[in-house]
Amino acid sequence: MNTTSARTAETAPAGRIVLLTTSHRVAPGLLSWPAWQALRTADRVLCADGTHPQLPYLREAGVTVTEASPTAEDLVGACAGGRTVVVVATGEGEPALTDGLARLAGSGRLAMPELELLPASYDLPGARLLDLVQVMDRIRAECPWSSRQTHQGLAKYGIEEAYELVEAIEDGDRHELREELGDVLLQVVFHSRIAEEDPEEPFSVDDVAGGIVAKLIHRHPHVFGEESAETPEDVKEHWLRTKAEEKRRASVTDGVPVHQPGLALAAKLASRARTAGLQVPLPRGEGIGYELLALAARAETDGVDPEAALRAAARAYRDAIRKTEGA
């Protein structure tokens, strides 16, 4: 190459590469405005995957997409003269291509085009829940153990996971808290997936989510309606009133699960009676049960969770036992 040609190569525009990424959790075709602008003004649009879910929508919009898997060198050459090439990334994000471009840039042998990473669609908060639903669906269909599970068979795991979550909270272990929340969430998704197969009253995780969304909106009129709440007590009053309207229960004890741990059950009953303004004397009788009932009621009045208090004391007792064993 003579001096003039070399100078011309050095000053020629190197062009632009746009790596367009999309989220599989967002419906195909729903792209950002900058993404549509890049696609419409590009000199070439390439995609290595001919079955990419975005392609039918791009072509319907009049964007010409070529199925190709260019090397880094090919792509740099395609941008020569100031051209813009958009690469619609596959699910893996084109790591081989980006690694190749990084090596070329590091070699200093070529004038590199401008490289832009352009997210065309974004995950909304909660988008990974869609992944969980898809994974659970496949496990239910293909796993020999999971495909045979029932609500009744999984019930014990729900109890175990709930207690493990409480333990992580009380221990202040953030790593365990995150993991145990995931395990509790799994129970919800697993039961919802099983429920889809019920021949008479099927429902899905969408029905479960829709139900709790409607409940939360209805019980927070100070957030979603015209009522006001200035204190936590006001919020609790709203919650209890709307809950009573929904349930139309004959007794304040309706809906209290009697199979929960005894101390928690006693405290919950005392809370229901106190909240309803009922002056109900504690039953008198012989034995430790009545003494524990009185202690649980006293704890609830004082704003203490008797189950949590007993667990804290039991842990202290456990530590004392270990200390004695070590001595």
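A brief structural summary. Since this is a predicted model, take the numbers as computed values, not measurements. (Residues numbered from 1 in each chain as written. Predicted model: local features only at pLDDT ≥ 70, side-chain atom pairs only at ≥ 80, totals over all residues. Heavy atoms only, no water.)

A word on the packing of helix α12 (residues 262–275) against helix α13 (residues 288–301)
1) Next: Look at α12 against α13: their axes get within 8 Å of each other, and the N-to-C directions meet at 55°. Classed by the angle they form, the pair α12 and α13 counts as oblique. α12 and α13 meet at a crossing whose hand is right-handed. Residue-level contacts link L263, A266, A267, A270, S271 and R274 of α12 to L292, L293, A296, A297 and E300 of α13.
2) Next: For the contact of α12 with α13, the class distribution of residues is eight nonpolar, one polar and two charged. (Axes fitted to C-alpha atoms, helices over the stretch in contact; angles between N-to-C directions. Helix = DSSP H or I, 4+ residues; strand = E, 2+ residues; numbered from the N terminus. Parallel < 35°, antiparallel > 145°, perpendicular 65-115°, else oblique. Left-handed = near helix turned anticlockwise from the far one by under 90°. Contact = heavy atoms within 4.5 Å. Nonpolar A, V, L, I, M, F, W, Y, C, P; charged D, E, K, R; others polar.)

Re the nonpolar core
1) Next: Of all hydrophobic cores here, the largest spans 18 residues; its most connected members are L20, L39, V45, L58 and V86.
2) Next: Those elements that provide at least two residues to this core are β1 (16–21), α2 (33–41), β2 (44–47), α3 (55–60) and β4 (84–88).
3) Next: Counting residues per element, this core draws most heavily on α2, which supplies four residues.
4) Next: The residues touching L20, leaving out its near neighbours within four places in the chain, are A35, L39, V86, V87, V88, A89, L118 and A120.
5) Next: Formed by 14 residues, the second largest nonpolar core is a distinct cluster that contains I17, C79, V87 and L97. (Core = buried A, V, L, I, M, F, W, Y, C linked by side-chain atoms within 4.5 Å. Buried < 20%, exposed > 50% of the residue type's maximum accessible area, 1.4 Å probe, protein only.)

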